[in-house]
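# Residue-level structural notes
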Amino acid sequence: MGEKTEFEPGDKAPNDGEYTEVGEKSFVTEIKNPKRVTLQKGEAFPETSNHNRKWKKLTKARVH
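Residues numbered from 1 in each chain as written. Predicted model: local features only at pLDDT ≥ 70, side-chain atom pairs only at ≥ 80, totals over all residues. Heavy atoms only, no water.

Bringing the pattern of salt bridges into the picture now. Within this structure, the stated rule accounts for 4 salt bridges. Lysine 4 is paired through a salt bridge with aspartate 11; the nearest N and O atoms lie 3.2 Å apart. Ionic pairing is found between arginine 53 and glutamate 21, a salt bridge with its closest N-O pair at 3.3 Å. With a gap of 32 residues between them, arginine 53 in the loop between strand 3 (36-39) and strand 4 (54-57) and glutamate 21 in strand 2 (residues 17-22) connect regions that are remote in the sequence. (Salt bridge = Lys/Arg side-chain N within 4 Å of Asp/Glu carboxyl O. Helix = DSSP H or I, 4+ residues; strand = E, 2+ residues; numbered from the N terminus.)

Let us look at the side chain of arginine 53. A polar contact of 3.3 Å, which involves the side chain of arginine 53, links it to the side chain of glutamate 21. Here arginine 53 is in contact with Glu21, Val22, Ile31 and Thr48, once residues within four sequence places are set aside. (Polar contact = N/O pair within 3.5 Å; in protein donor to acceptor, adjacent residues only side chain to side chain. Contact = heavy atoms within 4.5 Å.)

Moving on to the environment of serine 49. Relative to the assigned elements, serine 49 resides in the loop between strand 3 and strand 4. Apart from the residues lying within four places of it in its own chain, the contact partners of serine 49 are Glu21 and Lys35.

What follows deals with the pairing of strand 2. The side chains of a regular strand alternate between both faces of the sheet. Summarising burial for strand 2: 5 of the 6 residues are buried, a large majority. Pairing of strand 2 with strand 4 involves 4 bridges; the strand directions are antiparallel. Bridge pairing in strand 4 places valine 22 opposite lysine 54. (Buried < 20%, exposed > 50% of the residue type's maximum accessible area, 1.4 Å probe, protein only. Pairing = 2+ DSSP bridges.)

This part takes up the packing of aromatic side chains. In total, this model carries 4 aromatic pairs according to the counting rule given. With 6.2 Å between their ring centres and 90° between their planes, phenylalanine 7 and tyrosine 19 make a pair best called edge-to-face. You can see phenylalanine 7 sitting in strand 1 (residues 6-7) and its partner tyrosine 19 sitting in strand 2, a full 12 residues away along the chain. The same class applies to phenylalanine 7 and to tyrosine 19, which are both buried. For the pair phenylalanine 45 and tryptophan 55, a centre-to-centre distance of 6.3 Å together with 25° between the ring planes defines the contact as stacked. Of this pair, phenylalanine 45 sits in the loop between strand 3 and strand 4 while tryptophan 55 is found in strand 4, placing the two residues 10 residues apart along the sequence. Given a relative accessible area of 0%, tryptophan 55 falls into the buried group. Connected via pairs of aromatic rings, a cluster forms that spans Phe7, Tyr19, Phe45 and Trp55. (Phe/Tyr/Trp six-rings, centres within 6.5 Å; stacked < 30°, edge-to-face > 60°.)

Right, here's the structure in full:
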């Protein structure tokens, strides 16, 4: 069982770090100027720009 990698607004950050918005299918997303936030472990994720987006840790959000 792996660690959750995408988070919804209101979820708690599992680790300190920088998180960015990703689209519904993060491996094909083409979001222009996505929001980025820096959170400490346990802080809640803020609202995204639209309801179809989620938060993902910046190092895991890169395109393959």
